[in-house]
Amino acid sequence: MLPPYSVVTQAGSWGDRTSISPLMWIDRLTSRLGARRIVQGRPGLGWLLTECIPVLMWAQVTGALFGESFYLVTYLTLLGATTPTLALLPLVAYAGNFASALLVFARHRTDAGRDAKRRCVIDTGIGRVLWLGTILWPWLGLHLGWSTPVLLGGVFASIFFTQVAHAAGGSAFVVWTQAIVPRELRGRFWVWRNCVSFATTAVVVLVMGVLLPKGSQPGALPDNNQLPWLMGIFTVVTLMCIASTWMLAKCPDMPEHVQDAPRPPLRVALATTHGYGPLLVFNVLTVAAMAISMAYLPALLHARGVGTAAFAAAQGSTFFPAMLGGILLAGWCLSRLGGHRLLVITAALLLASDGAFLLMPDASWLAPCLVLSGVAKGLWGIALIGRQQELCPAGDARFPALLVGLGAVGAMATAAVMRVGVPLLESHVALIAWSLMAIAAGLRALALLVLSIAGRATARLAHG
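Residues numbered from 1 in each chain as written. Predicted model: local features only at pLDDT ≥ 70, side-chain atom pairs only at ≥ 80, totals over all residues. Heavy atoms only, no water.

## Here we look at the overall build of the protein chain
Line of reasoning, step 1. Within the protein chain, the secondary structure is distributed over 20 helices and 2 strands.
Line of reasoning, step 2. Buried positions account for 55% of the 464 residues belonging to the protein chain.
Line of reasoning, step 3. Taking the contacts inside the protein chain whose residues are at least 6 apart along the sequence as the reference set, 82% of them involve residues at least 24 apart.
Line of reasoning, step 4. For the protein chain, the accessible surface area stands at approximately 18,800 Å², while carbon and sulfur atoms represent 69% of it. (Helix = DSSP H or I, 4+ residues; strand = E, 2+ residues; numbered from the N terminus. Buried < 20%, exposed > 50% of the residue type's maximum accessible area, 1.4 Å probe, protein only. Contact = heavy atoms within 4.5 Å. Areas by Shrake-Rupley, 256 points an atom, 1.4 Å probe, with all protein chains shown as cover.)

## Observations concerning the environment of Leu-379
Line of reasoning, step 1. In this fold, Leu-379 is placed in helix H18 (residues 366–391).
Line of reasoning, step 2. Judged by its relative accessible area of 0%, Leu-379 falls in the buried class.
Line of reasoning, step 3. Sequence separation between Leu-379 and Cys-333 is 46 residues, and the spatial gap between their C-alpha atoms is 9.4 Å.
Line of reasoning, step 4. If we ignore the near neighbours within four places in the chain, the residues touching Leu-379 are Gly-326, Leu-329, Ala-330, Leu-342, Ile-345, Thr-346 and Leu-349.

## Structural notes on a nonpolar patch on the surface
Line of reasoning, step 1. On the surface, a nonpolar cluster with roughly 310 Å² of combined accessible area is contributed by Phe-98, Leu-102, Leu-406 and Val-409.
Line of reasoning, step 2. Sorting the residues of the nonpolar patch by element identifies helix H6 (88–108) and helix H19 (398–426) as the ones contributing at least two each.
Line of reasoning, step 3. Topologically, Val-409 is positioned in helix H19. (Patch = residues over 30% accessible without salt bridge, like charges linked within 9 Å, V, L, I, M, F, W, Y side chains within 5 Å. Salt bridge = Lys/Arg side-chain N within 4 Å of Asp/Glu carboxyl O.)

## Digging into the side chain of Lys-117
Line of reasoning, step 1. Along the chain, the position of Lys-117 falls in helix H7 (residues 116–130).
Line of reasoning, step 2. One polar contact links Lys-117 to Asp-253, side chain to side chain, over a distance of 2.6 Å. (Polar contact = N/O pair within 3.5 Å; in protein donor to acceptor, adjacent residues only side chain to side chain.)

## Topic: helix H4 (residues 70–78)
Every α-helix winds through 3.6 residues per turn, so residues three or four apart in the chain are directed the same way.
Line of reasoning, step 1. Among the 9 residues of H4, 9 are classified as buried, and the element is accordingly described as predominantly covered.
Line of reasoning, step 2. Listed as buried for H4 are Phe-70, Tyr-71, Leu-72, Val-73, Thr-74, Tyr-75, Leu-76, Thr-77 and Leu-78.
Line of reasoning, step 3. Phi turns positive one or two residues past the end of H4, at Gly-80, with a value near 115°.

## Quick look at H18
Line of reasoning, step 1. Helix length check: H18 (26 residues) gives 37 Å between terminal C-alpha atoms against 38 Å at 1.5 Å per residue, within 8%.
Line of reasoning, step 2. Taken as a whole, H18 carries its principal kink of about 25° at Trp-380. (Expected span 1.5 Å × (residues − 1). Bend = angle between axes of the 7 residues up to and from the residue.)

## Considering the nonpolar core
Line of reasoning, step 1. In terms of nonpolar packing, the biggest core is built from 140 residues, with Leu-48, Tyr-71, Leu-76, Tyr-94, Trp-176 and Leu-301 touching the most fellow members.
Line of reasoning, step 2. Residue contributions to this core peak at 16 residues, all from helix H15 (residues 276–303).
Line of reasoning, step 3. With residues up to four places along the chain from it excluded, the contact list for Tyr-71 reads Gln-60, Val-61, Val-205, Met-208, Leu-230, Phe-234, Thr-308, Phe-311, Ala-312 and Gln-315. (Core = buried A, V, L, I, M, F, W, Y, C linked by side-chain atoms within 4.5 Å.)

## Remarks on the packing of aromatic side chains
Line of reasoning, step 1. Within this structure, the stated rule accounts for 11 aromatic pairs.
Line of reasoning, step 2. Look at Trp-47 and Trp-246: their rings are 5.0 Å apart centre to centre, the planes differ by 65°, and that puts the pair in the edge-to-face class. Of the two residues, Trp-47 is situated in helix H2 (residues 45–50) and Trp-246 in helix H12 (residues 245–249); the sequence distance between them amounts to 199 residues.
Line of reasoning, step 3. Overall, Trp-246 belongs to the partly exposed group, its relative accessible area being 44%.
Line of reasoning, step 4. When the centroid spacing of 5.0 Å and the interplanar angle of 80° are considered together, the rings of Phe-160 and Phe-161 count as edge-to-face.
Line of reasoning, step 5. Residue classification places Phe-161 among the partly exposed positions, given a relative accessible area of 48%.
Line of reasoning, step 6. Pairwise contacts between aromatic rings join Phe-173, Trp-176, Phe-189 and Trp-190 into one cluster. (Phe/Tyr/Trp six-rings, centres within 6.5 Å; stacked < 30°, edge-to-face > 60°.)

## Overview of the packing of H7 against helix H9 (residues 148–180)
Line of reasoning, step 1. Interhelical geometry of H7 versus H9 gives an angle of 155° and a closest axis separation of 7 Å. The orientation of H7 with respect to H9, classified from their angle, is roughly antiparallel. Handedness of the H7/H9 crossing: left-handed. Note on element contacts: H9 touches H7 through Ser-158, Phe-161, Thr-162, Ala-165, His-166, Ala-168, Gly-169, Ala-172, Phe-173, Val-175 and Trp-176, opposite Ala-116, Lys-117, Arg-119, Cys-120, Asp-123, Thr-124, Ile-126, Gly-127, Arg-128 and Leu-130.
Line of reasoning, step 2. Here the residues of the contact of H7 with H9 are counted per class, giving 11 nonpolar, 6 polar and 4 charged. (Axes fitted to C-alpha atoms, helices over the stretch in contact; angles between N-to-C directions. Parallel < 35°, antiparallel > 145°, perpendicular 65-115°, else oblique. Left-handed = near helix turned anticlockwise from the far one by under 90°. Nonpolar A, V, L, I, M, F, W, Y, C, P; charged D, E, K, R; others polar.)

## Describing the pattern of salt bridges
When the charged atoms of two side chains with opposite charge come close together, those side chains can pair.
Line of reasoning, step 1. In the structure shown here, the tally under the stated rule is 6 salt bridges.
Line of reasoning, step 2. Among the ionic pairs, Lys-117 bridges to Asp-253, the shortest N-O distance being 2.6 Å. On the criterion of sequence distance, the pair formed by Lys-117 in helix H7 and Asp-253 in the loop between H12 and helix H13 (256–259) is long-range, its members being 136 residues apart. Neither residue differs from the other here; Lys-117 and Asp-253 are each classed as buried.
Line of reasoning, step 3. Among the ionic pairs, Asp-354 bridges to Arg-444, the shortest N-O distance being 2.6 Å. Of this pair, Asp-354 sits in helix H17 (residues 339–359) while Arg-444 is found in helix H20 (residues 432–462), placing the two residues 90 residues apart along the sequence.

Here's what the structure looks like:
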């Protein structure tokens, strides 16, 4: 049984204080729901297990954080975005990620970045508030009769600044959780956290599938009646996410010994962290593929006759259950196979998922394609952060920031090429969305090759 009272010590820039306080009810709740080993002896960790529920709902529905959302692309299309304009989405989102890396490195020169919890809470809170601009700006513009470029410009600006703040908080989050969750419990921690979040989000998108106006005919643009519905849903989930930021503040603080650990120059730290270089290359290629798919997978699905309501219904009934299976598999593999092997399996499944969408003949094949995609995405979130936490020096937020920053460079380069190349391809290639998704699949294949070669090289070094 968990003790009814615990000594709670809070340190760092939030103030130093030690007191006897009742064990937080969230710890009792999560303990009874299967997280006993995770929260026992770690007061407040239950908040870290549950704060992601509204965050993931917000990210999956609105496209915040990942930029990869069927609903976000539909929303931009309804605001007047054309196929070439959609190439700006990954460019803007990943430009924000790159700027966030620069922000983390600038803070490293001072003490501002040492308390990872404080930085995570402040930065993510700011980012969530900034996302409201994607809703309020076009709402105001539609009432005042602004032009389409002005409407879309304000939305893209909001996406950029949201990414700057939230990605900086994400780099802090990686090393914060690394410090407060023991290595042997990380697989169990990520499984519990992700399962409860995706299960809740699955219910939400099923409800969306019922409420949203039905989709369009094959090859047609989404129905304009969907715009006010999407605005309303985006507003509700964003406000819920903003309100949930207090849950982060209630989580355990960074240990003082991790905050005070020396930080050698990055070049020296990277040279002594074997395996991080191949991970950086792998991530650049994978994120470049995502930069294509976030804008053009929805376009490919629209061309196959998949409407917004149909996608929401299929996502809730197939994608999210499959993702939960992938999450459970990832948690089992992380503790038994290690982060590298899990990442190889994940990369292979992501490639297979892209292949399935490319071969999809019509909307009737959406469900099996989403099952494969769901398993791959369920593995992805745990595999990447699990491998990072295996390799990162304790408390050094520069490593996850470097991963984010270099990945953003690859994505921005890809988006810039698309911005120039898509208008040229449209005049010569009939199946533009299909062709671009094929390029994304090629990048994923190259990423898998890099990871496999790096694994063999590491194994040879280990055997002398």
